[in-house]
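What follows is the residue order along each chain.
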Amino acid sequence: MPEAPKLAEHSVVSENNNKVLQFIEEVTTNADEVQKSVLAEILTQNTHVEYLQRHGLNGHTDRDTFKKIMPAITYEDIVTDITRIANGDKSQILCSQPISEFLTSSGTSGGERKLMPTIEEELARRSQLYSLLMPVMSQFVADLEKGKGMYFLFIKSEAKTPGGLPARPVLTSYYKSSHFKNRRPDPYTNYTSPNETILCSDSYQSMYSQMLCGLCQNKEVLRVGAVFASGFIRAIRFLEKHWPLLCHDIRAGTINSQITDPSIRESVMKILKPDPKLADFVEVECSKDSWQGIITRLWPNTKYIDVIVTGTMSQYIPTLDYYSNGLPLVCTMYASSECYFGVNLNPLCKPSEVAYTLIPTMGYFEFLPVHRNNGVANSISMPKSLNEKEQQELVDLVDVKIGQEYELVVTTYAGLYRYRVGDVLRVAGFKNNAPQFNFICRKNVVLSIDSDKTDEVELQNAVKNAVTHLMPFDAHVTEYTSYADTYTIPGHYVLFWELNVNGSTPVPPSVFEDCCLTIEESLNSVYRQGRASDKSIGPLEIKVVESGTFDKLMDYAISLGASINQYKTPRCVKFAPIVELLNSRVVSSYFSPKCPKWIPGHKQWNNMN
């Protein structure tokens, strides 16, 4: 008798999976029709909004008129409208439905997070995309409904705009919503972490309690993950540092006194029971000299790691392989603050082959062809505004060409129209009539550790601010480059400086440390939050290199085929032999002595208080 409910549950799961797969089949087969009706629905809902009226759309809801009249835009084109909404203007500026909150983008404008408008109904749309993931995964990995997922999920700081709307990251918005907190019992959203541990704003208490719950249920864990690869590695490094305390709690069935949040203590105590045998097992594994394969050793039934390892996150793949003994690394979905886009229908593919199928119901998608002369560029620079010819180059979802690279342009239900997201995608193939894309990079980004994105202009300005500290010593930077060092956990930015020192007094170490801090203070708010609040980025480092180092760098580039006439020093390096060359010529190294200043919200809001 006890088996009957399980069989019934299994058949419900199976039936739901089939429905989801059927939905994917239908919308990808009818991709163009779905896209047409999505655009018509968005424009019909928002016929009278100020932005569309301003551009003279005059109630037209057809694709041809929309494409002819509406410009492709960047954030700077709508920042005045966004500011009005943020300051409390409730008129229908971008959207007919009330803006419920702003989602803060990890891209920045003027050093501050961009604010993406959203509406209440978008939460349901985002939840729908989440609901596609596990039915897809279940085609490749059996019995996932029979265990739990150990996911390290966190909320981040949020602020209120002067008009009283929340401004917070998209995942924080989702985890705090009723769609997540009151989700129906579902074997696929059965996590080792109670909601209370995820919703705690203290990152130490949240990480400690989630790790403790994950260890206590180690035999039930079938999949592990975090949003980004960097976040999951931070969790493993946390375990490396704190396992004696965690073992003590498992052995005694108590929670460390540093965990003071009463809701966390209560939720964890429902899971935690004294278990000396498990404590001994964890202690033995964590005490070993090598941590290779620690994930499969502590969570022996784990079938894969669910993290984003595309784009800049690919730099973490070797570390994940080391800790997991080469478990499959699965990238399930592609999303941003602007819109949720698509899913990976072949989740067990190699990280380098990940391709996302855009789900045509999520928004209206267009694609701007990217032309670049240098196929090995790390970042792609693109014009801010488009001329008429470039505007006409925009193509629809079903018309993209295999092998071509495009910048993604999106129109959303929440009031973005032909908005250039800034992601560069390459067409890898098609699922029925819907294209599948490899994520190539964010345009203009040269450095990234976690969700931070630093571009070349920003880095240049930060260095310019820092070198003023060298002036009293008659020293200046003749050349520099940078790289994201992800071998340290958390990763950190490294700048290589070649100096010309004419003064007789040597530059003291404290001056270089001031230079480090000045650079950090000059970088955007996402970087500073990662350093000061999230602790997801380590202190910035300046490495001073021998005189003549950058000549050697040029010689090396020319030996690889670079043109001597067109060579210019790269402002960011990723190629291992170049990093090795630079490191071999380091004469001294300095770190930022403290965290840069950061407070939630935009500078101008904080100045109003």
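Quantities reported herein were computed from a predicted structural model and do not represent experimental measurements. (Residues numbered from 1 in each chain as written. Predicted model: local features only at pLDDT ≥ 70, side-chain atom pairs only at ≥ 80, totals over all residues. Heavy atoms only, no water.)

Overview of the sheet that holds strand β22 (residues 586-591)
Within a beta sheet, neighbouring strands are joined by backbone hydrogen bonds and run either parallel or antiparallel to one another. Spatial strand order, β19-β20-β21-β22: four strands in an open sheet with mixed pairing. Across the chains shown, the open sheet's two edge strands, defined by having one partner strand only, are β19 (475-485) and β22. Each strand axis lies, on average, 25° off the axis of its neighbour in the sheet, ignoring direction. Bridge count between strand β20 (residues 492-501) and strand β21 (residues 541-545): five bridges; the pairing is parallel. Across the sheet, residue W497 finds its bridge partner in β21, namely V544. (Pairing = 2+ DSSP bridges. Helix = DSSP H or I, 4+ residues; strand = E, 2+ residues; numbered from the N terminus. Axes fitted to C-alpha atoms, helices over the stretch in contact; angles between N-to-C directions.)

So, the packing of helix α17 (residues 456-466) against helix α18 (residues 509-522)
It is the contact of α17 with α18, at a shortest axis distance of 8 Å, that shows an interaxial angle of 140°. In terms of axis orientation, α17 runs oblique to α18. For the pair α17 and α18, the sense of crossing is right-handed. On α18, the residues touching A462, V463, N465 and A466 of α17 are C515, T518, I519 and S522. Classifying every residue of the contact of α17 with α18 gives five nonpolar, three polar and no charged. (Parallel < 35°, antiparallel > 145°, perpendicular 65-115°, else oblique. Left-handed = near helix turned anticlockwise from the far one by under 90°. Contact = heavy atoms within 4.5 Å. Nonpolar A, V, L, I, M, F, W, Y, C, P; charged D, E, K, R; others polar.)

As for the pattern of salt bridges
One pass over the structure, following the stated rule, counts 31 salt bridges. Linking K148 and E220 is a salt bridge whose minimum nitrogen-to-oxygen distance equals 3.9 Å. Residue K148 is located in strand β3 (residues 148-152), and its partner E220 is located in the loop between α10 (203-216) and β6 (221-228); the two are separated by 72 residues in the primary sequence. On the basis of relative accessibility, which here comes to 17%, the residue K148 falls in the buried class. (Salt bridge = Lys/Arg side-chain N within 4 Å of Asp/Glu carboxyl O. Buried < 20%, exposed > 50% of the residue type's maximum accessible area, 1.4 Å probe, protein only.)

Here's the deal with the side chain of T104
If you trace the backbone, T104 turns up in strand β1 (residues 101-109). Note on T104: relative accessible area 8%, which makes it buried. Excluding anything up to four places from it in sequence, T104 contacts R113, K114, L115, A167, R168, P169 and S337.

Focus: the nonpolar core
F232, I295, F365, F367, L470 and W497 are the most contacted members of the largest nonpolar core, which has 150 residues in total. The greatest single-element share of this core, amounting to eleven residues, is contributed by helix α11 (residues 229-252). Once you skip the residues sitting within four places of it in the chain, F365 turns out to touch Q35, C339, F341, L358, I359, P360, D396, L397, L408, V409 and V410. Grouped together as the second largest cluster of nonpolar side chains are 18 residues, V141, Y188, Y191 and Y304 included. (Core = buried A, V, L, I, M, F, W, Y, C linked by side-chain atoms within 4.5 Å.)

With respect to α10
With 14 residues, α10 ought to run about 20 Å at 1.5 Å a step, and its terminal C-alpha atoms sit 20 Å apart, in line with that. In terms of burial, α10 is largely enclosed, as eleven of its 14 residues are buried. Where α10 starts, the residue carrying a side-chain oxygen 3.0 Å from the main-chain nitrogen of Y204 turns out to be D202. (Expected span 1.5 Å × (residues − 1). Polar contact = N/O pair within 3.5 Å; in protein donor to acceptor, adjacent residues only side chain to side chain.)

So, the confidence of the model for the chain
Across the chain, the average pLDDT comes to 84, with 92% of residues at or above 70. Mean pLDDT in the chain bottoms out at helix α22 (residues 603-608), which sits at 61, and peaks at helix α14 (residues 294-298), which reaches 93. Segment residues 1-8: pLDDT under 50, and zero contacts once partners within four positions in sequence are set aside and those in other chains are kept. Note on residues 373-379: pLDDT under 50 across the span, and eight contacts to partners over four residues away in sequence or across chains. (pLDDT = per-residue confidence, 0-100.)

Observations regarding the packing of aromatic side chains
Taken as a whole, this structure holds 22 aromatic pairs when the rule is applied. A centroid spacing of 6.0 Å and a plane angle of 75° characterise the contact between F367 and Y406, whose relative ring orientation is edge-to-face. Of this pair, F367 sits in strand β12 (residues 364-369) while Y406 sits in strand β14 (residues 405-411), and the two are 39 residues apart along the sequence. Directly above the ring of F180 sits R183, whose terminal nitrogen or CZ lies 4.3 Å from the centroid. Taking NZ or CZ as reference, R571 lies 4.2 Å from the ring centre of Y480, over its face. (Phe/Tyr/Trp six-rings, centres within 6.5 Å; stacked < 30°, edge-to-face > 60°. Lys NZ or Arg CZ within 6 Å of the ring centre and 35° of its normal.)

Some points on the environment of Y322
Residue placement: Y322 occurs in helix α15 (residues 317-324). Here Y322 falls in the partly exposed class, since its relative accessible area comes to 35%. Distance from Y322 to S525, taken between C-alpha atoms, is 32 Å for residues 203 residues apart in sequence. A polar atom in the side chain of Y322 sits 3.4 Å from the side chain of S290.

Some remarks on the sheet that holds strand β8 (residues 329-330)
Taking strand neighbours across the sheet as the criterion, the four strands line up as β3-β6-β7-β8 in an open arrangement whose pairing is parallel. A strand with exactly one partner marks an edge of an open sheet, and here the two such strands are β3 and β8. Two elements, strand β7 (residues 304-308) and β8, share two bridges in a ladder whose sense is parallel. Counted as the bridge partner of I305 is L329 from β8. Relative to β3, α10 is tilted by about 160°, and along the sheet it contacts β3 and β6. Along the sheet, α11 makes contact with β3, β6 and β7, crossing β6 at roughly 120°.

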